[in-house]
Each structure stands twice: as structure tokens, then as C-alpha cells.
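If you want the building blocks of each chain, they are given just below.
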Amino acid sequence: MKGYSPARRRVHQPDSAGRKDPSALSALFSGPSRLILPLLAFCLVLVLVVASRQAASLADTPEAAQQLSSKGQYAEALAAYEQLAEASDSSKETKIELLRLLQLTGKYARAEEVASKYLQATPDPVFSLWLGKARRAQGKYADAEAAFRTAARSQNDIRDEAAMDLGLLLKETGRLDESHAEFQRLFDRVASNSAKLGVAAVALENLEQFQDANTAFRQATEANSKDVDTWHAWGRLFLEKYDKANATSVFEDALKAAPNHPDSLVGLALSLSEEDGERSHELIEKALGVNPNLIDARLLLAEAAIEAEVFDEAAAEIQKALQVNPNSPEVHSWKAVLHSGKRQPSELEQEIQAVLKVNPHYGQLYENLATYAVTQRFYQQAVDYFRKALELNPRLWSAYSGLGINLLRLGDEAAAKEALETSYANDRFNVWTVNTLRLIDSFENFDTIEVPDFRIRLNKKESAILRLYVPDLLHQALDTLSTKYAYRPKTPLYLEMFPDHEDFAVRTLGLPGLGALGVCFGPGMVMDSPSARPKGGFHWGSTLWHEFTHVITLGMTDNKVPRWFSEGLSVMEEHQARPGWGDNITLEAIQAMQEKKLLPIAELTAGFQRPRFPGQVQLSYFQAGQACEFIDKEFGFPAILTMLKGFKEGQSLPAVLTSALQLSPQEFDKRFNDYLQSRFGPALRSVDLELLKDKNAEKSPEKLEAVLASHPDSFFANLKLGGYYVEQKQPDKAVPYLEKAKSLFPAYDQPDSPYRQLAEIYKAQNNLAGAIAELEALVAVNAGDFEALKQLGQWLKESGKPDRALPVLENALYVYPFDADIHKLLAEVGSSQGKLEVALREYQAVLALDAADPASAHFNVASVLFQLGRRSEAKQQVLSALEIAPGFQPAQELLLKLSQ
Amino acid sequence: MRRMEKKQKTLRSRLCSAGLAAFWLVTAGSLFAQSTHALIVASASGEEQFKEQFWDWGTRLERVLTQQMRVPKEDILFLFEDPSKDASSVFGKPTKSELTRAAEKLGSASKEGDLVLIVLLGHGSYDGTTYKFNLVGPDATAADLEQLLNRFSRQQVVLVAATPCSGGLTRTLAGKNRVIMAATKSEMENNQTVFGGFFVEAFENQVADADKNGRVSMLEAYLYSRKKVEDYYKERQKLATEHALLEDDGNGRGSSIPSAQTGDGLLAGRLVPGPGVETVVAAAGAAPGNQKELRELQAAKKKVEADIEALKYRKSTMEDAEYQKNLEKLLLELARTDGRIRELEKPK
């Protein structure tokens, strides 16, 4: 990598025109006009100063031009160098800098023209090098190769950079062995040259010696922090090895060395693409502002558009890329992905052939297709593509990783492990591989439970509890949803529940940090165990139901159902499974509707795949769920089945909407928005989020009353004022406001909800019936409120209503099944109702929870077994109780009975 | 068959640890033959929320000792920073001088062999050299606590340090006839602890009475509290920042789970807060004519209880079927004996 060498300083000479007659000049210094002369002189000096400054701002010196370049003002720098290079005595460095800037700003054709001209004038290998770069960028591979080989034959430093470029070109065109040999020769030559660390690092990377490459990159950048090309290559290495944190840091350093450097902007965009889509997009646009022909940037935009199913945009970006380089295997591979997304098999095949014509070993073609297939949940197709990728290039270690991860998703653990181990043996940096192998090793800590139609993997620590509830719920889901959708999936299906959320994330993505709770892979589901989150943190029963719905909708459409529709149906089925199941409407959703942030139906999938603002994914779930409920309510469930059939047949969204609902997407959006307005209208009008920003108003009854005077239907004013009077221990004043708040926004279920506050008031007033009514209303909108369910269950039991207590307490178990008190309560309630099987299950759960009182736990189980007539089991349990507590009287009495 | 064996082995290992704990509970166990004297000290709170919490714990402990354990109220001294909350419950403020005064009072009231329960609730710290219990005014150091305990050399002392940084006390205060319970395993665990609340709860609800003998021993209270602390952090998906220890064999090495292997738990298993043996015997109410049979039955009961524990001790060396058969036989015998004792003890 050549560092920058500053050009010689030149002093600008002002123009000599305007010389005056001396006699006329001297006349200016005498007589009454003697003051004019100094004035004129002053003006002349002023003009000269201004003129010289203006001349300098045109950067007509290499130093000035270099300044512009180092500040990232490449367009201005290029203009300056164009001018400087025109001069007949322009230096070689100036010419090189011109070529560099032409390349950097994407003017490849011009760069080729200029380099050719310079080469003709002076057969310097450096011009061959730049000629090669320009040609390669345009896909003129054979000509580029010739130019690089010419430069590589030189005896000076240029040969190393030329060899490096040649090696990369050979790789790009599929001559992998030749490329390898070239890099090996290069490395052997430069290994001991500390001035060539950057080149050595690239060679090492391409020889798959990544640790050494990393070391070399670090040393190179320490030796020359201005070498942006080395910084950039180092950043790319980190990206290759999935180390986005280090990649970000390196690209940021690269941009310090060279502000606005387009390649580094794109590198940084790639590093940030997952965590900050908006910033990533801005960086790409900025890069294109410098170099509109930057293929990497175009492909990033294309990739995003494909994922969001905005195919026309993707096509436009790919077309722009092809205009720059019509032969690029990478561009054609993305065109293949586009055609795959558009379900155009013959065009897809055409692109495949176009790739293989240039590079017959371009495994990344099928790797890209496989990765896209995964986003569409076509896991089997992904596996097939990964295998093809490896046929083309058996050293594509990342493809082994992808193959292994997707085999695991399909349930083939043995084959998955084999593929992952091959990946790991050859590329230890792949965090996906490492994480997934560690996860597979951890399976020894799990029990596998086989029941009809399901294979369930539960952690040994909690399988004793979860096995009491999970199989039953799975069977309920299978029976209910199969009947409803008239589709029975192929069984056995698998379900895995992870007590460690990061294991679930790795199982899903290969990396920790996933925000989801559950995922469906078609033949199987993976989710967090209830113990993976704080007590009451999520509703595992509802989540399981959600994922099972995906099994149905993905299966019956051969995975062709669009993301928004599949998620929407899963959300809808949660709500319909049991009252209060599924996520409730949030304040964020209210705000989004008020601010009209919902997406048109045609773009809703993008809300999941490429969110543009924080919270858009959650909002998209809400919107999709509402859309499906709208269709169900207004058009009937058969319309949903018609839509699913249409998607299975490969119809587009407009076609499906027309066929099932007789609506265009625009008409759908209008009708749907009307539906939301009618459904949530009162809440939309009464929820005034601005009030929440005024912390003083919240605590001031006078301010709240003033708000109510003008806005009597302000939800928060009513709620906060009610809460204020509760704090002041004036419940009678609080109640009317809380009741009003409840009527304005009945779905509000936060910790300060009117239901909860009213329940506490009524309980304190010994109005247990009133308190119960409030909690019943609360759990009807949010059955995930564990504490409310538990309290309600207790109160119902206390007030002699065990028949109502039972379903409430069972509901609580679908939130958090590890609370011994709930099980005890449920056992007592079940017992009192003669539901001995329920009582037995619950007492067994208490036992499985390693209760603080094991003797009682064993005894309770024994009692119920005795009542069920299972005497020998009862005896075993009562002996266990007495073994712990020999003097335990009730157990002793039971033992005596059993021994009669 | 193999599945059954595996199940029984699992059951066996679970029962082993439970059994060994129970071993300490019962073999050491006799009825409480001592009176109980309690000193409850709530540290300087520093904040309203802690003040309320320490008050809640302290008064609940006071209440459960008097109402459920029937310890005379005059034998319970509670030091709290704000006596105006309830002058009848509070002996004084938690200062060094009041601590000394309270210790003197307990010292003169308690006899040889009595149980002296000292419970420290609240804030503790470690300055790199020594533990400090935060009082109003100068703090009480580990050395001060040692001096306090030395006043009770003839009694059986239980010190419960329900504070952060207390783990080292199991080392520095260990001694003969002393049970030292610490909320943390070392001086380095300096987050606020929840152990104290669960310790109080152990006496409030009968769930802590693991061996179902109608009484909660110090060991049972410790095991209950330890488990509840563990559950507390697990439910909240938080890293546990406290790990309790119990030391009662005098070797200065506390145990997380006292057992025959660790050597701790024997003394703690024997100590039960209560009113004293005279009160208990007075409450028995058996008819005079049954006294002889009662004595014989109680002797027989003691023997069979000992046989049960001895059998459990030998469990790992026996075939499961043989163990179960012998266990059943002994438990039946005990059940019949206990049944007859209860009949005889019933007031006519």
C-alpha cells in the first residue's frame, strides 16, 4: 500500500499585466493628486491580496489539492488534480494522485483513459497498475489481468501492489489455485519487509492465515495511520470474521485517516447495518455521493430492498451496478437472488450461468441464495443451496456453517454437527459456528421427551415441571389450529425450550442478542423457557401458541406466506386462544396511530425485516395482528384461507387481496385505517401522551383538574388524578376518576392501571367482590399479569368460588409455572372440586420444584394418590415424607391406613 | 427395570442430602430444654425505605417470638433508631452504649444453657480490615461483637448477621456453643441483602418446619432462608449477590449447606427458640395414671427414632429394596408409638 508522498511546493506568481508608464506613475506622487497615489497603491495591494487568495482557493498547487483530498473533499481535489495534471511539467505523483481520485470517485472509464494515455507517454509500471484497477472495476478482467501482470513484472515497489491486485482478480474470476500461489509468492517476498506490512496482511488473509493477517494489519496501521487502504482491508477482515464491533472501530479510524472515503463509509455501513439501519443507510448514501459507481454500496441497497420485498428498487440498484461492471460475479449473484425473490426460475438460472461463466467456483452465488432462502424460511432449500455452494468451492467455510445451522433447524443434528465441525476446524473465527457447536454440546443437559406427534427438549433442571404442561398445550394447539386451518402438519414436530435466553438466540441465529421470545423453523419451534425471563416477564403459553400458528401457516403455504401475514395470523390466534392472551395494545402503538406511522400493507414486511426506527418491529407485530383481525371480522375467516391459498400459489399481494377481499392494496389500507379508528377511536382521542412529558403536571392535582376542565376525556389526567387521591388515601375521590379512565382506555394494563388501583381500593373497603371484578377485567385484557392472576386466584378461593379460581390459576401457570404457591393453591382448589387429577398434577409440581417443605410435598402427593386408589404409589410417597420427617403426624396416620 | 433403578438412584441421592440434613435435625434434637433470650438490633437505616424494612423485620421477629414461640416479652430486646414508632416494643436506640446495656440485661437474665439469640438486621460494611455493623454513632466492629458474645460463655449463642459483608464473621466469631449465621459468604458481598426478611418468615410460617416436629430449629430457619434467597434472585433473573453461611462446629469454616460431611448443623439443629422446658412439660397435660406407660413409650420412641437415623446413615451401603423394607418397618413402629403417645397425652 503506497502512502501519500506530498508534492513539491509551488509559489503562485501574480499576473504581470497592467504595468504602468513610469512617468505617469511619478506624476501621481506630486501636486494636489499626491494623496491619490498612496490610495491607489493601497487599493492595488488590496486587489493583489484578494487575487492571490482567490488563486489559492482554486487549489492550484499540489499541496492545496492534497489538503482538499485529506479533508475528504474529493470532488474539489479531483478538479484540482485534473488541472494540475494538465500541465506539461506535472509530476508523476500528481498523475498518480489524479488516477487515485478518479478511481475513488468511480470514474473508472476516465481513469482507464488517463492511465492509458500516461502509459503511452511513459511506460511506467505504476500506470499499468492503475490501468489494471480501472479495468477490473469495469469488469474487463482479461485486460485488467494483462495490466497487472505488466506491473507485477517491474522491479520496483509497484510489483507488490500489482501482485496483490492480480491475486484478488484471479480469485474474483475463480482461479483459486493460481490466486493462492500468487499470494504465497507475494508473501514470501514481502514477509520480512516492514514497509510492506499492509500488503503482507492482505496476502496472509487470502492464504487463510487470519490471526497473522490481523497482527500484520495492526502493525501496518500503527506504522502508518494514514494508509486508508490498509485500514479498510483490516475492517473488511473483521467483517469477514463477523466481528462487527472491531470492524466498526477500524472503519471509524479509516475515516479519520481519510474522511468521506467511500469504501470505508460502506464498510462502516455494513458494520452498523443490524443495529442501526437508519445510520447505515445514511452512510451508504454518503458514500454514493462521493462515488455513485460504488458497487458495494449499490449491492447493500439492493440487498435491503430484496429483504423488504421492494423488488423494483432492488432491480434498479443492481442495474446501476451492472452498468459499472457488467461481468461482476457478485452483482450477478445478487441478481440471481432478486429473481429468486420474484419467483422467476428461468431468469434465476440465467443469472447463475452468467456468474459461473466468469467464475466457475463462485460458491458465494449459492451462499447468497441460501441466505435469502433462510430469510424466507425455506430451510430445506437453503440446505440444498449451501451444498451446491460447497460443490463449487469446497473451501467456503462459511457455507459449512450455514449448512450446519440449517440442518439443525430441520432437526438433523448429526449432519449439522458434522458440517459445523468442518467449518470450525478451518475457520475458528466464525462465531455462528462456535456458538452453535457449544449449544449442541449443551444438549446433554436436556431431556428429550417423546409424546405422540412431538419431540420436546427441556432442560433437565426444569423438565419435571414443564413436562406437566407443555405436551398438553402442544396437543391443544395442534388439534385446534389444524381443524381451523384444515391443515395437519407432518409430525413429529419438535419443540425446544431454553432457560438461558442466549442459548435460544444462538439456536435461532447463531448469535446471542436476539430480541424475540420464540421462533418457528417449519418442522420445529424453539423458544425461551419461562425461567429465561424474570418471573411474569412473558407468557410462554401464548408464545407457544403463536409459534405453532407459524407451523400451520408456513406449512400450508410451503413457506410462501409473506412475513407480515404469517406474523399477523400468529398474533391473531394468540388473542383468540384465550381471553387476555397475546400482546395488548401499547402506548407506542397508540402514538404511532396518532402520528400515522403505520405502514401501507404492501410495505408491512419491511417493518419486520428492515425497521427504520426503534420499536418498528413491535409496532409491525401489532399492525399485522390488527390487519388479520380486521380481515377475519370484516370478511370472515374463509377469506384468510383464500389468501393463504393464493400465496401458496405464488400470487402477488395485490392479486391475493383482489381475489380474497376484492380490494386493491390502497383500498385495503383505507378500510383498515377506518377499522382501527372505529376500534381504538376513544383511546386515540383520549390518550394524551404530551401530558406524560410534564412531570410536574402529573403530580399536581390543580394542573390535572385544569386539564380536565378543558379535556374531560383526557385518559391520563383522569388516571393520574385518581392515582393522586389514592396516594392521599382518599379513595372515594379517586374512584370516579379511575372509573372514567377505565372507560376511556379499557385496554390499559400497566402497573398503574385503573383496574389494579380500583381492586386495591375495594379490597381495603372489604368489598372483595368488587376487587375480584376489577382483577377479572384486568386479566381479561392481559392474561400475562402473573401477580394479578395469583391474587385473583387467591381471592376467588377465599370467597368460596373455586370453580372460577381454577381456570385463573391454570392461566397463571402459562405465565410462570415455577411458583410453588400457585401450584399449592391450584391443588387445593382442584381437590375441593373433586378434580383429583388436577390436584395430583399440582402437588407433583410442588415436589418437582424442590420445595422448601419436601415432607409436606410428598405427603400431599401421597394423599391424592390414596384418594385415587393408587395405594402402592401413595405408600411410596408417604414413606418419602416420613423419611424426611419421621414424626410428621398426618403422614404417620396415612401410613397406618395404607398398612391396614 | 433400568429406568426404575435410575429413578431410584436419583431419588436416593436427593434423599441422601435431605436425609443427612434431617440427620442433624433429629439426632441432635431433643425438646428445647433452655429458655430463649433475644436481642434484635436494627442498624442505622440511612434511608426511609430501609428504616421501614428494618422496622418491619424487627417487629415481626419480636411478634413471632412472643406469640408463636411463646418467649416472654421481657426476654426480647429490640434496638431501633426511632423508639417513638412504638415505645413498648423498642428497648433503645442502636448505639454502642445501648448495645452494651442490652447485653448486660440479657446476661443477667439468662442462665447457663439458655439460648441467646442475637439478630443483626440491616447495613454492614467491610473496610478492608474488619467488618462493621452500622450503628447510630460509632459502628460495632467484629471485635466489639466478639466482646458481646463473650458475655454469654455459659449460654448457647446464635448470632444472625443479616447484613452485607458478614461472611467473615463465621471465621472470626466461631466458637464453642455458638451458631454464627451470615447472610453473605464473604466480606466482598456488599450489596444489600434479603436474608433477614426470610429468616423472620421462617419462624412465621410452618413451612420451614422440615421435620414436622412442630418446631422450627435454627438449622431449619437457616435452610429455609437460604433457599428463599436463592429463589428470590432466580425469579428476578438477577445474579445472586448474597450467599448465606452457617458455622456451628467452632472450626471457623462456615457451610452453605450444613451436613454431616461439612460438620456444621448439629448444634443449630438442636436449638429451638421457646419458653423453656418447664413450660413445655406443664403444657403436656397427661393423666397421672398414664405416666409410666408414657415414659416407656417415649423411651421406645427415642429408640426407634435413633434406629431410623442409623438406617438412613447406612442407606448408601444397602440395597434399595432392603433399605425401603426396613425403613417402612421402623416408620410403622414409630407411627404406632406416636399414635399411642398422642392418645395418652390427650387431656381428658
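Residues numbered from 1 in each chain as written. Chains lettered and ligands numbered in written order. Predicted model: local features only at pLDDT ≥ 70, side-chain atom pairs only at ≥ 80, totals over all residues. Heavy atoms only, no water.

### Thoughts on the overall build of chain B
Counting its regular elements, chain B contains eleven helices and nine strands. The buried share of chain B, taken over its 348 residues, is 52%. The long-range share in chain B, meaning contacts at least 24 apart out of those at least 6 apart in sequence, stands at 68%. (Helix = DSSP H or I, 4+ residues; strand = E, 2+ residues; numbered from the N terminus. Buried < 20%, exposed > 50% of the residue type's maximum accessible area, 1.4 Å probe, protein only. Contact = heavy atoms within 4.5 Å.)

### Section: the overall build of chain A
Counting its regular elements, chain A contains 50 helices and five strands. Referenced to the eigenvectors of the C-alpha coordinate spread, the extents of chain A come out at roughly 135 × 80 × 60 Å. Here chain A holds 900 residues, and 54% of them are scored as buried. Carbon and sulfur atoms make up 52% of the accessible area of chain A, which amounts to about 39,200 Å² in all. The averaged location of the 119 negative side-chain charges in chain A is 3 Å from the averaged location of its 96 positive side-chain charges. (Areas by Shrake-Rupley, 256 points an atom, 1.4 Å probe, with all protein chains shown as cover. Lys, Arg positive; Asp, Glu negative; His and termini not counted. Charge placed at Lys NZ, Arg CZ, Asp CG, Glu CD.)

### Thoughts on the interface of chain A and chain B
The partner chain B presents 27 residues to the 27 residues of chain A that form the contact. Regarding the contact of chain A and chain B, the summed buried area is about 2,600 Å², with carbon and sulfur atoms giving 58% of it. One salt bridge in this structure joins B:K315 and A:E883, with 2.9 Å as the shortest N-O distance. If you look at where chain A meets chain B, you find eleven residue pairs in polar contact (both at pLDDT 80 or more). Within the residue set of the side of chain A that touches chain B, elements represented by two or more residues are α48 (854-867), α49 (871-884) and α50 (889-898) of chain A. The element contributing the most residues to the side of chain A that touches chain B is α49(A), with five residues. Counted by class, the side of chain A that touches chain B contains 15 nonpolar, six polar and six charged residues. (Buried area = accessible area lost by both parts, 1.4 Å probe. Salt bridge = Lys/Arg side-chain N within 4 Å of Asp/Glu carboxyl O. Polar contact = N/O pair within 3.5 Å; in protein donor to acceptor, adjacent residues only side chain to side chain. Nonpolar A, V, L, I, M, F, W, Y, C, P; charged D, E, K, R; others polar.)

### Remarks on the sheet that holds strand β5 (residues 524-528) of chain A
Residues and elements named next belong to chain A. Taken in spatial order, the five strands make up an open sheet running β1-β2-β3-β5-β4, and their pairing is mixed. The sheet is open, and its two borders are formed by β1 (446-451) and β4 (518-520), each paired with just one other strand. The average undirected angle you get between the axes of adjacent strands in this sheet is 15°. (Pairing = 2+ DSSP bridges. Axes fitted to C-alpha atoms, helices over the stretch in contact; angles between N-to-C directions.)

### Observations regarding the packing of aromatic side chains
Across all of its chains, the model carries 45 aromatic pairs over all chains by this definition. Considering the side-chain rings of B:F199 and B:F203, the 5.2 Å spacing of their centres and the 80° angle between planes classify their relative orientation as edge-to-face. One end of the pair is B:F199 and the other is B:F203, both in helix α6 (residues 195-204) and four residues apart, which spans about a single turn. The class of B:F203 is buried, set by a relative accessible area of 1%. Each residue in the set A:F630, A:F635, A:F668, A:F672 and A:Y675 is aromatic and connected to the rest through ring pairs, giving one cluster. The lysine or arginine in question, A:R457, covers the ring of A:F443, its NZ or CZ lying 3.8 Å from the ring centre. Sitting above the plane of the A:F637 ring, A:K484 keeps its charged end 4.9 Å from the centroid. (Phe/Tyr/Trp six-rings, centres within 6.5 Å; stacked < 30°, edge-to-face > 60°. Lys NZ or Arg CZ within 6 Å of the ring centre and 35° of its normal.)

### Some remarks on helix α46 (residues 820-832) of chain A
Residue and element names in this part refer to chain A. The terminal C-alpha atoms of α46, which comprises 13 residues, lie 18 Å apart, in line with the 18 Å expected from a rise of 1.5 Å per residue. Those residues of α46 lying buried are I822, H823, L825, L826, A827, V829 and G830. The elements touched by buried residues of α46 are α26 (463-466), α44 (786-798), α45 (802-813) and α47 (836-848). Among the residues of α46, the N-terminal cap falls to D819, whose side-chain oxygen and the backbone nitrogen of D821 are separated by 2.8 Å. (Expected span 1.5 Å × (residues − 1).)

### As for the pairing of strand β8 (residues 178-182) of chain B
Residues and elements named next belong to chain B. Across the five residues that make up β8, a large majority, five, are buried. The alternating pattern of β8 places R178, I180 and A182 on one face and V179 and M181 on the opposite face, and all of these are buried. Looking at chain direction, strand β7 (residues 156-162) and β8 are connected through five bridges and run parallel. Its bridge partner being in β8, V160 is matched across the sheet by M181. Relative to strand β9 (residues 245-247), β8 is paired through three bridges, and the arrangement is antiparallel. Looking at β9, one finds that A182 is bridged to L245.

### Side note on the sheet that holds strand β6 (residues 140-141) of chain B
Residue and element names in this part refer to chain B. Pairing is antiparallel in the open sheet, where three strands are placed in the order β4-β5-β6. Every other strand in the sheet has two partners, leaving β4 (124-126) and β6 as the edge strands with one partner each. Where β4 lies against strand β5 (residues 131-133), three bridges are found, and the strand directions are antiparallel. Bridge pairing in β5 links S125 to K132.

### A short note on the side chain of B:E81
All names here are of chain B. Here E81 shows up in the loop between β2 (76-79) and α3 (96-109). Buried and unpaired, E81 has K51 as its nearest opposite-charge partner, separated by 4.8 Å. At 2.6 Å, the side chain of E81 forms a polar contact with the side chain of S45.

### Details of the packing of helix α5 (residues 92-104) of chain A against helix α6 (residues 108-121) of chain A
All names here are of chain A. Axis separation between α5 and α6 bottoms out at 8 Å; the angle between their running directions is 160°. Here α6 runs roughly antiparallel to α5, going by the angle between their axes. Viewed along their axes, α5 and α6 form a crossing whose handedness is left-handed. Only Y108, R110, A111, V114, A115 and Y118 of α6 make contact with α5, whose side of the interface consists of K95, L98, L99, L102 and Q103. Its residues assigned to classes, the contact of α5 with α6 shows eight nonpolar, one polar and two charged. (Parallel < 35°, antiparallel > 145°, perpendicular 65-115°, else oblique. Left-handed = near helix turned anticlockwise from the far one by under 90°.)

### As for the nonpolar core
All names here are of chain A. Counting 126 residues, the largest nonpolar core has W540, F548, W564, F565, M643, F668 and F745 as the members making the most contacts within it. The element best represented in this core is helix α29 (residues 540-556), accounting for eight residues. Sequence-distant contacts of F565, defined by excluding residues within four places in its chain, comprise C628, I631, I640, M643, L644 and F647. If you look at the next biggest cluster of nonpolar residues, it comprises 81 residues, including Y81, L207, A247 and L268. (Core = buried A, V, L, I, M, F, W, Y, C linked by side-chain atoms within 4.5 Å.)

### Examining the side chain of A:E351
The residue A:E351 is located in helix α20 (residues 345-358) in this model. Sequence-distant contacts of A:E351, defined by excluding residues within four places in its chain, comprise A:H332, A:K335, A:A336 and A:H339.

### Some details on the pattern of salt bridges
Per the stated rule, a full pass over the model turns up 76 salt bridges over all chains. The salt bridge involving A:D157 is made with A:K196; its shortest N-O contact spans 3.7 Å. Remark: A:K196 occurs in the loop between α10 (176-190) and α11 (197-206) and A:D157 occurs in the loop between α8 (141-152) and α9 (158-172); sequence separation between them is 39 residues. Here A:K196 falls in the buried class, since its relative accessible area comes to 9%. Across the pair A:K335 and A:E351 runs a salt bridge, and its minimum N-O distance is 3.3 Å. A residue pair is termed long-range when its members are at least 10 positions apart, and A:K335 in helix α19 (residues 329-341) and A:E351 in helix α20 qualify at 16 residues. What makes A:E351 buried here is its relative accessible area of 8%. Several salt bridges converge on common partners, so that one network encompasses A:K535, A:K790, A:D819, A:D821, B:E235 and B:R236.

### Description of the pairing of β5(A)
All names here are of chain A. Taken across its five residues, β5 has five buried, putting it largely inside the fold. Pairing between strand β3 (residues 493-498) and β5: five bridges, direction parallel. What sits directly across from F498, in β5, is D528. With three bridges connecting them, β4 and β5 associate as antiparallel partners. Looking across to β5, one finds that G518 is bridged to M527. Counted between consecutive antiparallel strands, the loop separating β4 from β5 contains three residues, among which G522 sits at a positive phi close to 95°.

### Quick word on the confidence of the model for chain A
Detail in the predicted coordinates should be disregarded across regions flagged by low pLDDT. Residues and elements named next belong to chain A. Scored by pLDDT, chain A comes out at a mean of 90, with 93% of its residues at no less than 70. Throughout residues 1-33 the model reports pLDDT below 50, and contacts reaching past four residues in sequence, or to other chains, amount to 34 contacts. The low-confidence segment residues 47-56, where pLDDT is below 50, has three contacts with residues more than four positions distant or belonging to other chains. (pLDDT = per-residue confidence, 0-100.)

### Here's the deal with a negative patch on the surface
All names here are of chain A. Together, E418, E421, D441 and E444 make up a region of like negative charge exposed at the surface. Positionally, E421 belongs in helix α24 (residues 413-426). We classify E421 as partly exposed; its relative accessible area is 42%. (Patch = residues over 30% accessible without salt bridge, like charges linked within 9 Å, V, L, I, M, F, W, Y side chains within 5 Å.)

### Details of empty space enclosed by the protein
All names here are of chain A. This model, assessed by the stated rule, comprises one cavity of 30 Å³ or more. Within this model, the largest cavity holds a volume of roughly 30 Å³. T448, R455, I456, R457, Y494, L495 and E496 are the residues that line the largest cavity. Residues of the lining of the largest cavity, tallied by class, amount to three nonpolar, one polar and three charged. (1 Å grid on protein atoms, 1.4 Å probe; cavity = no way out; pocket = protein on both sides within 12 Å on 5 of 7 lines; lining within 4 Å. Points joined across faces, edges and corners; volume = space filled by probe spheres on them.)

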